[in-house]
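Residues per chain, in single letters:
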There are 2 protein chains.
Amino acid sequence: MSKHPGEFELIARFFTRAPSRAVLGVGDDAALLAPTPGMQCAVTADMLVEGRHFFAGTDPEALGHKALAVNLSDLAAMGARPTALLLALALPESDSDWLAAFSRGLFALAEARDVELVGGDTTRGPRTISITAIGEVPPGQALRRDAARAGDAVWVSGSPGDARLALGHLRGEWRLPEFDSALRARLERPTPRVALGLALRGVANAAIDVSDGLLGDLGHVLRASGVGAELQVDAIPTSAALAAQPTLRRRTCQLAGGDDYELLFTAPQSAHGAVLRAAAAAATPVARIGSITAAAGLRLLDATGNAWPDADVDALGGFDHFRSR
Amino acid sequence: MSKHPGEFELIARFFTRAPSRAVLGVGDDAALLAPTPGMQCAVTADMLVEGRHFFAGTDPEALGHKALAVNLSDLAAMGARPTALLLALALPESDSDWLAAFSRGLFALAEARDVELVGGDTTRGPRTISITAIGEVPPGQALRRDAARAGDAVWVSGSPGDARLALGHLRGEWRLPEFDSALRARLERPTPRVALGLALRGVANAAIDVSDGLLGDLGHVLRASGVGAELQVDAIPTSAALAAQPTLRRRTCQLAGGDDYELLFTAPQSAHGAVLRAAAAAATPVARIGSITAAAGLRLLDATGNAWPDADVDALGGFDHFRSR
């Protein structure tokens, strides 16, 4: 934890709690962690900028939750158990109400997932949140993007698309008469699928979290693994909110919407039962939505098994470099 | 490494290099590190904001160096060997010249210190650099702030104050006719004292890096350790640039100037020779500048051993809560 004079010492106090697992927490030049013997260390960092990743005026408690959730989601997508986080925070002014709410949201999630804030930095500047999350995974058990194999089934957790549906409403792209706090929470308070990621160790091959959109993130897996996929679009679980939308909007949200932080993963066909048991153990719904193919490219199939016309795929936009031609 | 579409994929490419030590580097949801068995993990994060920590228009190569140097300095002050870093970077626009120079400065230092960039994030936003550095230290050998003991000698590396002298010139607080690139480099390209930190394992008790100013940082050690100190102000090594300054300016720079990233450390009197051998092994000059006292507070002594008048101490400003009364 860096040292800053005056009011920013006050800010730092919002984030200083005695560690229970770390050897040394906030307050020295660096924190000290004792890795579990034999485990590998998974580390990830994200930066959220006001006006780009969140609206000015976003509920600071929700923001504290989300800033940590997106990092825990990255660890979940590796099958890593989160242990510690560092928070670097720039704020335009020392606002103790904002800080109290932000830290409440962050610590509520941190404590629920048994992850400790061990260090970081606070400074004056345009509102920016950068979190580094640290976790552990046994050697060889991480769920990497390059591990999808031809013949694998493709799975997704939850029902992607609600976050994009809420974002479109808040941006004024469309108007939802039924917009409510539950739908807002799908955007602002995503659930990192930590338990599912842990349960999928030794079961799944590849995994990624859906932060950019299902097709885009699947594309990352396909490229890293050197494979292709067929996706049964109508097999993607659809929330009640999305089911009520026009088809194009619904598909845009499900296929190209980001910010859901669901897990997209592949597993051998023979692991079908094991995937369902892992999902049940993690109390997380999952659905099989496609297959990995040896041939490169991504084909979208409708309920009858027919490929989507290119024009329909184009209408969704943003992922044409993942297509089969 | 988070995923961002379009131009920011280009940016990410500036920072993607194959890891040599990490199990998995940039490009997945998280990086994977294999900790050295039996070692503790030291982690630190800093955030640098344009206009606050560096001037707009600062040489991006120097900035790439400094952004990493301040974090390596934190690890040095723990006696930790740096192994990996994560970079979260917000930029107002995709400027490939700026990125090429910034990454050149960052990687030059990273490679010189054998530390790998393993992940991070790039996004559009006000220019902000947040680095998390990870290192290793044997259990019980970290140089903590709370480990100073009454009777310890107080030491400092290098000659603190030049960075503040350069900053004052650039800010227009004073005008140095002899301002040159060497003095500018003392502000913009600090040398993290990594080798010294490693050599001081098992020799020094407490350590901190001088980022806020010598007195302020010594105050952190005194408070954490529950001790006081006497400081022989005239024993602080003085650079040629500082020796040419008026007394008050020189002392302000030496005692209250930040950004030097020298190590301030304490060691038992009996370790005097061991400290000098460690410094020689690290090719880093050190000087003994005072003693830790059981009595709380900080006394500044002149060359004749007389305490500085309070008025002189007050004139330096910014650390009156560390004084003996």
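Residues numbered from 1 in each chain as written. Chains lettered and ligands numbered in written order. Predicted model: local features only at pLDDT ≥ 70, side-chain atom pairs only at ≥ 80, totals over all residues. Heavy atoms only, no water.

## Observations regarding the overall build of chain A
Along the backbone of chain A there are 11 helices and 11 strands. Taking 2.2 N^0.38 as the reference for a compact globule, 325 residues should give roughly 20 Å; the C-alpha atoms of chain A span a radius of gyration of 20 Å, in line with that estimate. Expressed as lengths along the three principal axes of its C-alpha atoms, the size of chain A is roughly 65 × 50 × 35 Å. Classification of the 325 residues of chain A by burial places 61% in the buried group. Taking the 31 positively charged and 37 negatively charged side chains of chain A as two groups, their mean positions are separated by 3 Å. (Helix = DSSP H or I, 4+ residues; strand = E, 2+ residues; numbered from the N terminus. Rg over C-alpha atoms; globule rule 2.2 N^0.38 Å. Buried < 20%, exposed > 50% of the residue type's maximum accessible area, 1.4 Å probe, protein only. Lys, Arg positive; Asp, Glu negative; His and termini not counted. Charge placed at Lys NZ, Arg CZ, Asp CG, Glu CD.)

## Considering the pattern of salt bridges
Within the structure shown, the criterion is met by 32 salt bridges over all chains. Note that Arg-171 of chain B is salt-bridged to Glu-173 of chain B, the shortest N-O span being 3.2 Å. (Salt bridge = Lys/Arg side-chain N within 4 Å of Asp/Glu carboxyl O.)

## What about the sheet that holds strand E8 (residues 228-232) of chain B?
Residues and elements named next belong to chain B. If you trace the six strands from one edge of the open sheet to the other, you get E7-E9-E6-E10-E8-E11, paired in mixed fashion. In the strand order of this sheet, the two ends are held by strand E7 (207-209) and strand E11 (297-301), each with one partner. The sheet shows a mean angle of 25° between the axes of neighbouring strands, direction not considered. Alignment of strand E6 (residues 153-157) against strand E10 (residues 286-293), held across five bridges, turns out to be antiparallel. For Ala-153, the partnering residue across the bridge sits in E10 and is Ser-291. Sitting on the sheet, helix H10 (residues 272-281) touches E6, strand E9 (263-267) and E10, and the angle it makes with E10 is about 145°. (Pairing = 2+ DSSP bridges. Axes fitted to C-alpha atoms, helices over the stretch in contact; angles between N-to-C directions. Contact = heavy atoms within 4.5 Å.)

## Examining the interface of chain A and chain B
Between chain A and chain B, the contact holds 58 residues from the first and 58 residues from the second. At the boundary of chain A with chain B, total buried surface from both sides reaches about 4700 Å², with 55% on carbon and sulfur atoms. Counting every contact that joins chain A to chain B gives four salt bridges. With a closest N to O distance of 3.2 Å, Arg-145 of chain B and Asp-29 of chain A form a salt bridge. (Buried area = accessible area lost by both parts, 1.4 Å probe.)

## Some remarks on the domain arrangement of chain A
All names here are of chain A. When the domains of chain A are assigned, the result is domain 1 (7-137) and domain 2 (145-314). Between the C-alpha centres of domain 1 and domain 2 the distance comes to 27 Å. Each side of the interface is counted separately: domain 1 has 22 residues, and domain 2 has 20 residues. Summing both partners gives a buried area of about 1700 Å² for domain 1 against domain 2, and 58% of it is carried by carbon and sulfur. (Domains from an automatic or database assignment.)

## Re the relation of the copies chain A and chain B
With an RMSD of 0.0 Å, the operation that places chain A on chain B is a rotation of 180° combined with a shift of 0.0 Å along the axis. On the angle and the small slide along the axis, the relation comes out as a two-fold axis. (Least-squares fit on C-alpha atoms with pLDDT ≥ 70 in both.)

## Quick look at the environment of Leu-85 of chain A
All names here are of chain A. Tracing the backbone through its elements, the reader meets Leu-85 in strand E3 (residues 81-91). Look at Leu-85 and you get buried, because its relative accessible area is 0%. Between the C-alpha atoms of Leu-85 and Pro-138, which are 53 residues apart in sequence, the distance is 19 Å. With residues near it in sequence (within four places) discarded, Leu-85 still touches Leu-68, Leu-106, Ala-110, Val-115, Glu-116, Leu-117, Val-118, Gly-119, Ile-131, Thr-132 and Ala-133.

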